[in-house]
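Observations on chain architecture
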Amino acid sequence: MDFDTLIEFDRQLLLFLNGSSSLYLDGLVRTLTNALTWVPLYVSLFYLVIKNNDTVTQILLVVACAVVCLLLTGTIDDTIVKPLVARWRPTHDPVIGSMVDIVNGYRGGRFGFFSAHACNTFGIAVFFCWLVRSRLLSTALVLWSLVNCWTRLYLGVHFPGDILCGLIWGAIGASLAYLLYHRLRLRLTVSRRLVSSQYTSTGYLHSDVNIVVAVLVFTLVYALLRACLFLYE
């Protein structure tokens, strides 16, 4: 398969996944893709870090490495990769732009390779997978990231290839950030190994992990209910 064939396949797959005739789904996606919707999740992750680290230095180390993760993912994407590659978003693509189903007039910026939503959300998910080592939290955060990826396809602002590359780069950036965290923590503190069914292998309370998952579930329920209001706009 040559490059042109791959690009055309990417276009056709996007058209297959993009949009619907459902006003409810339009409203749901508008809610899910809004960054403010996920503020409670970010707050709960911060709470998890505060509650399960003993000193301010340890807390700041986690936060600093999470910021490094975001710098390696979304910032590099937006400031370097997108302008350099300059691949049109589907909504601006001269070949299929007129065929893309858009929601509420939203088309995004000109360039879309690769998806910042994909690499940022998956970067956060993978970083906390490494940090907490909870199967429940890892599953919840990966699904959360994939839901965000789906919204970008639904809105027609990214090709599937943009999403896939964003996921790959997000995982790489998160893994590098966690490696930095792990090495710095070994120098600054003694890694705690709490042998109990109440804790994960890295010392995070399962009960605190459950709080984060509960916040995520309630946020999704809010989005499902909030979408009903768009039916009456």
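I will try to describe carefully the structure that is included in this document. Computed from a predicted model, the values in this text were never measured in an experiment. (Residues numbered from 1 in each chain as written. Predicted model: local features only at pLDDT ≥ 70, side-chain atom pairs only at ≥ 80, totals over all residues. Heavy atoms only, no water.)

**Side note on the pattern of salt bridges**
- A complete count under the given rule lists 7 salt bridges for this structure.
- The partner of Asp-93 in a salt bridge is Arg-11, and the shortest N-O contact between them spans 3.3 Å. Highlighted residues: Asp-93 in the loop between helix H4 (56-85) and helix H5 (116-132) and Arg-11 in helix H1 (residues 3-17), separated in sequence by 82 residues.
- The exposure class of Asp-93 is buried, given its relative accessible area of 6%.
- Since its relative accessible area comes to 17%, Arg-11 is described here as buried.
- Here Lys-51 and Asp-208 are joined by a salt bridge, their closest N and O atoms 3.3 Å apart. Of this pair, Lys-51 sits in helix H3 (residues 39-51) while Asp-208 is found in helix H8 (residues 206-229), placing the two residues 157 residues apart along the sequence.
- The structure contains a network of salt bridges with shared partners spanning Glu-8, Arg-11 and Asp-93. (Salt bridge = Lys/Arg side-chain N within 4 Å of Asp/Glu carboxyl O. Helix = DSSP H or I, 4+ residues; strand = E, 2+ residues; numbered from the N terminus. Buried < 20%, exposed > 50% of the residue type's maximum accessible area, 1.4 Å probe, protein only.)

**What about H1?**
- For H1, which comprises 15 residues, the first-to-last C-alpha distance of 21 Å matches the rise-based estimate of 21 Å (1.5 Å per residue) to within 8%.
- On its buried face, H1 is in contact with helix H6 (135-155) and helix H7 (160-188). (Expected span 1.5 Å × (residues − 1). Contact = heavy atoms within 4.5 Å.)

**Let's talk about the packing of helix H2 (residues 23-32) against H6**
- The geometry of H2 relative to H6 is characterised by a closest axis approach of 10 Å and an angle of 125° between their N-to-C directions. Classified by the interaxial angle, the pair formed by H2 and H6 is oblique. Remark: the crossing between H2 and H6 carries left-handed chirality. Contact residues: H2 offers Leu-25, Asp-26, Val-29 and Leu-32, while H6 offers Val-147, Asn-148, Trp-150, Thr-151, Tyr-154 and Leu-155.
- Class assignment of the residues belonging to the contact of H2 with H6 gives a composition of 7 nonpolar, 2 polar and 1 charged. (Axes fitted to C-alpha atoms, helices over the stretch in contact; angles between N-to-C directions. Parallel < 35°, antiparallel > 145°, perpendicular 65-115°, else oblique. Left-handed = near helix turned anticlockwise from the far one by under 90°. Nonpolar A, V, L, I, M, F, W, Y, C, P; charged D, E, K, R; others polar.)

**As for the side chain of Thr-91**
- The residue Thr-91 is located in the loop between H4 and H5 in this model.
- The buried category is assigned to Thr-91, whose relative accessible area is 5%.
- Within the structure, the side chain of Thr-91 is placed 2.6 Å from the backbone oxygen of Arg-107, a separation counted as a polar contact.
- Apart from residues no more than four positions distant in its own chain, Thr-91 is found in contact with Gly-97, Val-100, Ile-102, Tyr-106, Arg-107, Leu-155, Gly-156 and Val-157. (Polar contact = N/O pair within 3.5 Å; in protein donor to acceptor, adjacent residues only side chain to side chain.)

**What about unusual backbone geometry?**
- Looking along the chain, the bond that leaves Phe-113 and enters Phe-114 is cis, with omega of -5°.
- Its identity is not glycine, yet Asn-104 carries a phi of approximately 55°, on the positive side.
- As for its position among the elements, Asn-104 is in the loop between H4 and H5.
- A relative accessible area of 58% places Asn-104 in the exposed class.
- Of note in the backbone geometry, Arg-133 takes a positive phi value of approximately 60° without being a glycine.
- Along the chain, the position of Arg-133 falls in the loop between H5 and H6.

In short, the description is geometric, and any link to function would need to be established separately.
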